[in-house]
Amino acid sequence: MPVRRNVWELGSDWADPILWYARGVAALQARPIREPTSWRFYAAIHGIHPEIWQQLGYLDLSEPAPSRDLIRRFWQQCQHGSWYFLPWHRGYTLAFEATVRAAVVQLGGPADWALPYWNYFKTGQNGLPPAFASADWPDGQGNNPLFVPQRYGPSGDGNVFIPLEAVNLDALSDPDFTGVDSGGSPGFGGVDTGFSHGGQVHGRLETQPHDWVHGLVGGASEDAPFGGLMSNPDTAGLDPIFWLHHANIDRLWQVWRENPATHLDPTDPRWLDGPAAVGERELAMPMPDGTTWTFTPGQVTNLVSLGYSYDDVSPQTLEAAPGRGGQRLAATVRSPAAERPTAMAARRSTHLIGASRGAVPVIGADVRASVELSAETRQRASATLLGSDPLGHDRVFVNLENVRGSSDAAAFRVYVGLPASARPDEHPEYLAGNIALFGVRKASLPTEEHGGVGLTFVLEITKLWPTLHVGAGGGQLDVRLVPVKPIDARAQVSIGRISITRQGSE
Amino acid sequence: MTPAARERARVRIPLGLVSACAWAALIGPGGNLLHAEHHAHHAHARLDPTPLADLPWGTLALGWALMLVAMMLPVLAAPVRHVRDRSFASRRGRATAELLVGYCAVWMLAGVASIAAAHAAQTSPEPLLATGLVAALVIVWQVSPLKQVCLNRLHGHPPLAAFGIAADLHAARLGAAHGLWCVGSCWGLMLLPMLFASGHLPMMALVSAWIWAEQLERPARPRWALRIPLKAARIVVART
């Protein structure tokens, strides 16, 4: 059975699985776009933007396009902002892997070749795997297909790595696969969006680390108005690192399922039967033998039956980034929500307890906003000895509502309650989380599925809440946004409203 | 039921019940407000040129309001949920009411125009021709890019102020804006039952189903296109 292994633990920079991957990628890239098993066809299954592809040299309008039937069936299929996000990407990655494997076998490679994964959380492994950073093959010849120039990294200088203070595994401690889009937890795997295809809120794993790694790897550059390939859902599938990233996201789904075993996938028929059950296109992938594989989420929950496994699905912890004074809490620390039995956890209601008084434009290197708490929240806090708002089993979230912009590459850290004169990087204890605007550009367009109102991001601040002493603070909470790179005004990034919500028992 | 489905049901069920009451009122004795089967106009089997002209404006307004509640309330679930989710608990009822007032105000104004148009068609020297022209205009609008612009705007909801008068204004404005885009996308469909006095209720039912199906479709690029809302049909097929 093929085993997906850690790309950093294969023995060398160009170990066989990586070398065969590169050869397989080269073979797929040589196929014309009209062929369903070609590189670009597969990338377009995730998303395609003809104008951007043309500008980047990935599309030539004179070349024959796939048939309308193929385009209608396969392209622009990416499931995001919903509980189908994980199962669709599992099927997508599996079908892609099978396609590459077929090419590998044709070239004389092993029949059990498997896609490596990039576990950026492991110590010393947050850098881009070297085979992807070199423009040359191991023999010194150029045109290494694993290298793409449109990969700018967190600082926009082409140095690609994942800053560990920018990512976390908090999602792994969420006890519920699916949640809500009303301001509380969207759940580990995303929201049941009913008859809508995709919603404004991404699930917790989709938000972090998935969206973040896309934004940090793709990055942005002065010369690249659209950001790197990985920054934009319509170009992300063109970057060969995309697949190692998604293999890791897929692996983290399995980690969540097994740690602990009380973590369960949904049993609702609308999840099991997939988007076709709510009138959307069925999930379908072209296979190397020319057939179409249609699948449902219910059919991709068991790795054994799918015929692959991972070398390591042990509980993940996040090591402290070297040289930094603070440390993010390890993902194995269980949040109060994780202590609750799942049945009770399902019956919760979400309430707004604070909001900013207006929109917050996100420009520059340090953005400050203020959230005013409701009178009830202030009263409850001031009634206690500690001047804090006792939570019990409740959870608290900060919502960045209706985030709009023209750049997917923007990303920023969100601090809540940080004193005005304090340096954010010296106070990780006030860090609520990180937002990467992967998909925001599209969500800001009126003709796209969100009607142009942008995306809403949800960060849990349950652990942070008791330390904020909201009663003593006069009912205001400072929110500080610290971009990874200063955000240009031309990116037109804005937050419609910053709010605080509380999710508690009914 | 998933947590999200439960949250949706909390809004859909009350709206559905109120809509059902409006339907009951229309089908029952109150339905005589809108259709003229009780009038003896046997010579003109399909079109009765006089029913609207016979009815006082107050009755027409009430009838239009009942139609509105019956047909439109079910498709208001998303904006109602948005305004409730994103308001403080103490303001939810008020915000919902403000949204509905804003929405209904726009539609009542549209109702004046619709009734006037239907009245004009039915009382013209050539009622059949006039009705046909109005119906043709409705069809042209249905396939136009402007209809798609209006449909797109109904998806997704803007941020809302949470405090004070601004919160009240935002809720009412959301309702009015939603009403405006709703009128833009549905005015023709809502006009159709007004043009035909007999078969009014079945036509209302058909139009309701069509409107509900249309709002399920995804936003799309505005263009001239025959827009048949097939997603609803696919859902029905998938469920059976």
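Residues numbered from 1 in each chain as written. Chains lettered and ligands numbered in written order. Predicted model: local features only at pLDDT ≥ 70, side-chain atom pairs only at ≥ 80, totals over all residues. Heavy atoms only, no water.

Draft legend 1. Inspection of unusual backbone geometry at higher detail. Residue and element names in this part refer to chain A. A cis amide bond, omega 15°, links Q208 with the succeeding residue P209. Within the secondary structure, P209 sits in helix α7 (residues 204-218). Each neighbour pair has its own omega, and for N259 with P260 the value is -5°, a cis peptide bond. With respect to the helices, strands and loops of the structure, P260 is situated in the loop between α8 (241-258) and α9 (269-272). A positive phi angle, near 55°, is found at Q76, a position not held by glycine. You can see Q76 is positioned in the loop between α4 (68-74) and α5 (85-106). Classification of Q76 by relative accessible area gives partly exposed; the value is 33%. One non-glycine residue, N402, lies in positive phi territory at about 50°. Assignment of secondary structure puts N402 in strand β10 (residues 395-404). For N402, a relative accessible area of 4% gives the class buried. (Helix = DSSP H or I, 4+ residues; strand = E, 2+ residues; numbered from the N terminus. Buried < 20%, exposed > 50% of the residue type's maximum accessible area, 1.4 Å probe, protein only.)

Draft legend 2. Molecular detail of the confidence of the model for chain A. Here chain A shows a mean pLDDT of 88. Residues at 70 or above account for 90%. The low-confidence segment residues 319-346 of chain A, where pLDDT is below 50, has 44 contacts with residues more than four positions distant or belonging to other chains. (pLDDT = per-residue confidence, 0-100. Contact = heavy atoms within 4.5 Å.)

Draft legend 3. Summary view of the packing of aromatic side chains. Residues and elements named next belong to chain A. In total, this model carries 31 aromatic pairs over all chains according to the counting rule given. Ring geometry for Y21 and F132: centres 6.3 Å apart, planes at 40°, overall tilted. Residue Y21 is found in helix α1 (residues 16-30), and its partner F132 is found in helix α6 (residues 130-133); the two are separated by 111 residues along the sequence. You'll find Y21 and F132 in the same group, each marked buried. It is R23 that lies over the ring of W20; its NZ or CZ is 4.5 Å from the centre. (Phe/Tyr/Trp six-rings, centres within 6.5 Å; stacked < 30°, edge-to-face > 60°. Lys NZ or Arg CZ within 6 Å of the ring centre and 35° of its normal.)

Draft legend 4. Spotlight on the pattern of salt bridges. Inspection of every chain in the model, using the stated rule, returns 36 salt bridges over all chains. Across the pair D192 of chain A and R8 of chain B runs a salt bridge whose closest N-O atoms are separated by 3.1 Å. One end of the pair, D192 of chain A, is in the loop between β3 (190-191) and α7; the other, R8 of chain B, is in helix α1 (residues 3-27), on a second chain. Here D192 of chain A falls in the buried class, since its relative accessible area comes to 1%. By relative accessible area, R8 of chain B is classed as buried at 9%. For R357 of chain A, the salt bridge goes to E372 of chain A, with nearest N and O atoms at 2.8 Å. (Salt bridge = Lys/Arg side-chain N within 4 Å of Asp/Glu carboxyl O.)

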